[in-house]
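Fold and geometry: a report
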Amino acid sequence: MSLDTFRLTAEDAIGLVERGEASAAELHGAYLEAIGERDDELHAYLRTVDEADGTSIPIAFKDLISTRGVETTAGSKILAGYVPIYDATVATRCREAGLTLLGKTNMDEFAMGSSTENSAYGPTRNPWDPDRVPGGSSGGSAAAVAGGLAPWALGSDTGGSVKQPASLCGIVGLRPTYGTVSRYGIVAFASSLDQIGPMTKTVRDCALLYRIVAGRDRCDTTTVELPQPVEIPEREDLKGVRVGVPAELNEVEGIAPGVKAQVDRAIELCRELGAEVGETSLPRSVDYGLACYYLIAPSEASSNLARYDGVRYGLRVTGDDGVRAMYDRTRDAGFGDEPKRRIMLGTYALSSGYYEAYYGQAQRVRTLIAQEHAAAFEDFDVLVSPTSPTVAFELGEKTANPLAMYLSDVLTIPSNMAGLPGLSIPCGLSDGLPVGFQLIGPQFSENLLFHVGHALERAIGFDLVPGRLA
Amino acid sequence: MLHVAKLARLELTDEEVERFTEQLSAILEAVAKVSELDLAAVEPTAHPLDLVNVWAPDEPRPSLPVDDALANAPEREAGFFKVPPA
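None of the values given here were measured: they were computed from a predicted structure.

1. What about the overall build of chain A?
Per the secondary structure count, chain A includes 15 helices and eleven strands. Relative to the 2.2 N^0.38 estimate, which gives 23 Å for 470 residues, the radius of gyration of chain A is 21 Å and therefore close to what a compact globule would have. Projecting the C-alpha coordinates of chain A onto the three principal axes gives extents of approximately 70 × 55 × 45 Å. The 470 residues of chain A split such that 61% are buried. A separation of at least 24 residues holds for 77% of the contacts in chain A among residues at least 6 apart in sequence.

2. A few points about the overall build of chain B
Check the secondary structure of chain B and you find three helices and two strands. Secondary structure of chain B in N-to-C order comes out as α-α-α-β-β. Evaluated residue by residue, chain B yields a buried proportion of 13% over its 86 residues.

3. Topic: the interface of chain B and chain A
On the side of chain A, 54 residues touch chain B, which itself brings 41 residues to the contact. Looking at the side of chain B that touches chain A, the elements that each hand over two or more residues are helix 1 (2-7) and helix 2 (14-31) of chain B. Among the elements that make up the side of chain B that touches chain A, the one with the highest residue count is helix 2 of chain B (seven residues). Among the residues forming the side of chain B that touches chain A, the class breakdown is 31 nonpolar, five polar and five charged.

4. Remarks on the sheet that holds strand 8 (residues 276-280) of chain A
All names here are of chain A. Read from one edge of the open sheet, eleven strands run 1-3-2-4-6-5-10-11-9-7-8, paired in mixed fashion. Both outer strands of the open sheet, strand 1 (45-48) and strand 8, are each paired with one neighbouring strand and no more. In this sheet, adjacent strand axes meet at a mean angle of 30° when their direction is disregarded.

5. Focus: the nonpolar core
Core analysis: the biggest nonpolar cluster contains 147 residues, and Ile-59, Ala-150, Ala-153, Cys-292, Leu-295 and Val-382 of chain A have the highest contact counts within it. With eleven residues, helix 9 (residues 285-304) of chain A is the single largest residue contributor to this core. Those residues in contact with Leu-295 of chain A that sit more than four places away from it in its chain are Ala-349, Tyr-358, Tyr-359 and Ala-362 of chain A together with Val-31 and Val-34 of chain B.

6. Section: the packing of helix 8 (residues 257-272) of chain A against helix 15 (residues 446-460) of chain A
The axes of two packed helices give the description: the angle between them and the distance between them. All names here are of chain A. Across the interface, helix 8 lies against helix 15 with an axial gap of 10 Å and an inter-helix angle of 110°. Classified by the interaxial angle, the pair formed by helix 8 and helix 15 is roughly perpendicular. Contact residues: Ala-266, Leu-269 and Cys-270 in helix 8; Leu-456, Ala-459 and Ile-460 in helix 15. Class assignment of the residues belonging to the contact of helix 8 with helix 15 gives a composition of six nonpolar, no polar and no charged.

7. Concerning helix 3 (residues 89-96) of chain A
Residue and element names in this part refer to chain A. Listing the buried residues of helix 3 in full gives Thr-89, Val-90, Ala-91 and Cys-94. Looking at the buried residues of helix 3, the elements they touch are strand 2 (58-62), strand 4 (152-157), strand 6 (195-200) and helix 6 (203-213). One or two steps after helix 3, the chain reaches Gly-98, where phi turns positive at roughly 90°.

8. Considerations on the environment of Asp-287 of chain A
Residues and elements named next belong to chain A. Mapped onto the secondary structure, Asp-287 falls in helix 9. Judged by the 18 C-beta atoms lying within 10 Å of it, Asp-287 is partly exposed. The spatial distance from the C-alpha of Asp-287 to the C-alpha of Phe-6 is 39 Å, given a sequence separation of 281 residues.

9. Here we look at the confidence of the model for chain B
Residue and element names in this part refer to chain B. Mean pLDDT over chain B works out to 92, with 100% of the residues at or above the 70 mark. In the model of chain B, helix 1 stands out as the element of lowest mean pLDDT, 93, in contrast to strand 2 (residues 80-81), which has the highest, 97. With pTM at 0.97, the complex prediction returns an ipTM value of 0.95.

10. Overview of the packing of helix 11 (residues 337-349) of chain A against helix 2 of chain B
Here helix 11 of chain A crosses helix 2 of chain B at 60°, and the two axes come no closer than 11 Å. When the axis of helix 11 of chain A is compared with that of helix 2 of chain B, the two are oblique. The interaxial crossing formed by helix 11 of chain A with helix 2 of chain B has right-handed handedness. Of helix 2 of chain B, the residues touching helix 11 of chain A (which contributes Lys-340, Arg-341, Met-344 and Leu-345 of chain A) are Phe-20, Gln-23, Leu-24 and Ile-27 of chain B. Of the residues contributing to the contact of helix 11 of chain A with helix 2 of chain B, the split by class is five nonpolar, one polar and two charged.

11. Quick notes on the environment of Ser-408 of chain A
Residue and element names in this part refer to chain A. As for its placement among the helices and strands, Ser-408 is situated in the loop between helix 13 (402-406) and helix 14 (413-417). Along the sequence, Ser-408 and Gly-314 sit 94 residues apart, while their C-alpha atoms lie 31 Å from each other. Not counting residues within four places of it along the chain, the set of residues in contact with Ser-408 comprises Ser-114, Gln-164 and Ser-388.

12. Observations concerning the environment of Ile-296 of chain A
Residue and element names in this part refer to chain A. As for its position among the elements, Ile-296 is in helix 9. Ile-296 gets classed as buried once you count the C-beta atoms within 10 Å, which come to 27. Taking the C-alpha atoms as reference, Ile-296 lies 7.9 Å from Ala-190; in sequence the two are 106 residues apart. In contact with Ile-296, not counting residues within four places along its chain, are Ala-190, Ala-362, Gln-363 and Arg-366.

13. Details of unusual backbone geometry
All names here are of chain A. In this chain, Gly-136 is followed by Ser-137 through a cis amide linkage whose omega measures 10°. Mapped onto the elements, Ser-137 comes out in the loop between strand 3 (100-105) and helix 4 (139-146). The backbone of Phe-110 sits at a positive phi, close to 55°, despite the residue not being glycine. Structurally, Phe-110 can be placed in the loop between strand 3 and helix 4. Overall, Phe-110 belongs to the buried group, with 31 C-beta atoms counted inside 10 Å. In this structure, Ala-111 is a non-glycine residue whose phi angle is positive, near 65°. Inspection of the secondary structure assignment puts Ala-111 in the loop between strand 3 and helix 4. Owing to 31 C-beta atoms within 10 Å, Ala-111 belongs among the buried residues under this scheme.

The rules behind the values
Residues numbered from 1 in each chain as written. Chains lettered and ligands numbered in written order. Predicted model: local features only at pLDDT ≥ 70, side-chain atom pairs only at ≥ 80, totals over all residues. Helix = DSSP H or I, 4+ residues; strand = E, 2+ residues; numbered from the N terminus. Rg over C-alpha atoms; globule rule 2.2 N^0.38 Å. Buried ≥ 20, exposed ≤ 12 C-beta atoms within 10 Å, placed from the backbone. Contact = placed C-beta atoms within 7 Å. Nonpolar A, V, L, I, M, F, W, Y, C, P; charged D, E, K, R; others polar. Pairing = 2+ DSSP bridges. Axes fitted to C-alpha atoms, helices over the stretch in contact; angles between N-to-C directions. Core = buried A, V, L, I, M, F, W, Y, C linked by C-beta atoms within 7 Å. Parallel < 35°, antiparallel > 145°, perpendicular 65-115°, else oblique. pLDDT = per-residue confidence, 0-100. Left-handed = near helix turned anticlockwise from the far one by under 90°.

This is the structure in structure tokens:
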């Protein structure tokens, strides 16, 4: 069947199925057709699933979500050929909602990166400009939604891996409150930070998908019951909402003027929609957030990635000199540069004699960041800033300099360290490329973020279809 | 560098050692910024939520069948993962 997969929202697609105007199989087929037409260029998918296995609309999963019987590699060679024997809880919940798995999307290896160039299977390209990156690490999911290759998708966010690619591809992305979405069956990177999040065309779609995946799971003891049910947003005004503009998040060195201009316009719109807007401050969260993150996340990663040793699954490289050499060789051959760098950094930060100065100190900075955000939320309901300091950058621009790549997440990291939810919505274009607007709320404030995001989305009227593909 | 690689069980090539030494020095210098703050009086945060002792009833459930557990094994023998001798 012929469908405009660029413009069809998940909500509208569900409507087509419910009214009997399209079947699950027809929708699945329409997206597979679009993938066939455009994914040779974009490379959003690592693999697709031929048959619709549900009764509702399709969905794409980042390739670190375990799917029973469907290869799951986390973008790494060390997991090439790994076929999970069980479903992640988010996959189970999507299946119970009738969603059909369309395919597994490309990502930076083990979710370590901000451009999807760290995938062992080649980069994904930005639907708005194929010479540019889609962001990362959930770049495949973002490009799939922006390129009309999936009605919606799931990504994962540790330091900004849902919010930043959503921003660079002009779509909506939610990093939920830590603990609201199960991590059972997710390939682990940094367990105190990893969260699965929806990547969608609209804020209403985002709320719909969050409602499907969120809630306590007995298989993940870090999950909690949502304090309130998820509300699908309808209100289009912001009367009574107090919007805080943290100076540091909006003035840090490196924010491109074109990004700042669009974000300032969105802040002005908040005011026009009835919000009270005021300036606030997170004095040390932005200054020290990146350093804090790049100690804690690699430390946790060095522990989580110890399991890839060639014994139970994945790659094995042997010589003729025993099991220890097998471990070392398997890991050298299987991991790409970025996981190696982070394993080394984390191992060092946790090693005897350095633990307190690095990891211990970073944990204290983490407390400070949480306290600063809590203080800002005494006066404001949401905090706003650009999601990414720049629009999508060119492929290859930052690959030789890991530290420059890390700076892509300078604005998403601070709230992540505090376990806070963050929503990125497109707020305009700069040089023909999408700019993302980040909304941060207190823990469990997703309903408020959806309300504010939806009202702004309606007022902004961003055209989701990349100009060159329209 | 080689000591950390040994702890991390990574057999790095000479070229990797050279490249990573330079990159990791720059990264370490950047992250050492956390030491500028005097935080002796601040409690460390290991986890963003205040969760303690999540209890569950101790109910026996069927465990994973051996064949499933071994489904992705690079090598197996008689219901075990097989590895080269130490």
